[in-house]
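One-letter residues, chain by chain:
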Amino acid sequence: FRTYKHWAKVIASLVEAVPSCQITLLGSANGRSEADLLESRFRGTGQLRNGVASLSLNETCSELRQSDLYVGADGGLWHMASGCGIPTVALFADCALFDDSGQRVSRASPDQNCVSITTESNVSKIDPTAIVGSVRRMLGVRDSLD
């Protein structure tokens, strides 16, 4: 429920909308085959690098520290990025957390620079356009019509 299945749509939109962006895929071995497919699909753009299942924890942390933004599901990488002070767009599923007034809250603390996108059951239910819009806002990328 925390594995997002629509990264290809998100990446395609970002490559088009933010031609200067550089995307680094990070993660563990369970994401290797999907990362290899994405690497193959976006090889010609020069904007995507695949570090999935090939970097040590220290190397992964170093990659995160060089990033302007982390985008991904709630998990260890999000916690690492947050700990490094990197702005994040975090995808949450099955996260029924509420404050005293009954308003939904995120696992992100108020001092984190985090946009939380929440769905009730599976992060793959999150529309890719919601992620791309959040990334664009976090990076300060305006629409060509703005």
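Help me out: how do you make sense of the pattern of salt bridges in this one?
It is possible for side chains bearing opposite charge to pair when their charged atoms get close. The full count for this structure, using the stated rule, is two salt bridges. With a shortest N-O distance of 3.8 Å, Asp36 and Arg32 are connected by a salt bridge. Here Asp36 and its partner Arg32 are both found in helix α2 (residues 32-42), four residues apart, which amounts to about one turn of the helix. Arg49 is the partner of Glu63 in a salt bridge, and the nearest nitrogen-oxygen pair spans 2.3 Å. A residue pair is termed long-range when its members are at least 10 positions apart, and Glu63 in helix α3 (residues 57-65) and Arg49 in strand β2 (residues 48-50) qualify at 14 residues. Classification of Glu63 as buried rests on a relative accessible area of 18%. The partly exposed category is assigned to Arg49, whose relative accessible area is 37%.

In this structure, what is going on with the nonpolar core? I would like to understand it.
Proteins that are soluble and globular tend to have nonpolar side chains buried together. Counting 27 residues, the largest nonpolar core has Tyr4, Ile11, Leu25, Leu91 and Ile131 as its most contacted members. Those elements giving two or more residues to this core turn out to be α1 (7-17), β1 (23-25), α2, β4 (88-93) and α5 (128-139). Residues contacting Leu25, with those up to four places away along its chain left out, are Ile11, Ala35, Leu38, Leu48, Arg49, Asn50, Gly51 and Val52. Counting nine residues, the second-largest nonpolar core is a separate cluster that includes Leu64, Tyr70, Ala81 and Phe92.

What should I look at first to understand the side chain of Asp74 in this one?
With respect to the secondary-structure elements, Asp74 resides in the loop between β3 (70-73) and α4 (76-83). Side-chain polar atoms of Asp74 contact the side chain of His79, separated by 3.4 Å.

Hey, could you run me through the sheet that holds strand β5 (residues 114-119) in this one?
To summarise the sheet geometry, strands pair through backbone hydrogen bonds and adopt either a parallel or an antiparallel arrangement. The sheet built from three strands is open, its strands ordered β3-β4-β5 with parallel pairing. What marks the edges here is a single partner per strand, and that holds for β3 and β5. Direction aside, the axes of adjacent strands within the sheet are offset by 15° on average.

Explain α1 to me, please; I cannot follow it from the model alone.
Each full turn of the α-helix corresponds to 3.6 residues, which orients residues three or four apart in the same direction. Within the sequence span of α1, burial applies to Trp7, Ala8, Val10, Ile11, Leu14 and Val15. The buried side chains of α1 occupy one side of the element, clustering within an arc of 160° when seen end-on. In α1, the exposed positions that point more than 90 degrees away from the buried face belong to Lys9 and Glu16. Buried positions along α1 lie against β1, α2, β2, β3, β4 and α5.

Rules of the game
- Residues numbered from 1 in each chain as written.
- Predicted model: local features only at pLDDT ≥ 70, side-chain atom pairs only at ≥ 80, totals over all residues.
- Heavy atoms only, no water.
- Salt bridge = Lys/Arg side-chain N within 4 Å of Asp/Glu carboxyl O.
- Helix = DSSP H or I, 4+ residues; strand = E, 2+ residues; numbered from the N terminus.
- Buried < 20%, exposed > 50% of the residue type's maximum accessible area, 1.4 Å probe, protein only.
- Core = buried A, V, L, I, M, F, W, Y, C linked by side-chain atoms within 4.5 Å.
- Contact = heavy atoms within 4.5 Å.
- Polar contact = N/O pair within 3.5 Å; in protein donor to acceptor, adjacent residues only side chain to side chain.
- Pairing = 2+ DSSP bridges.
- Axes fitted to C-alpha atoms, helices over the stretch in contact; angles between N-to-C directions.
- Arc of directions from axis to C-beta.

Purely geometric stuff here, so don't read any function into it on its own.
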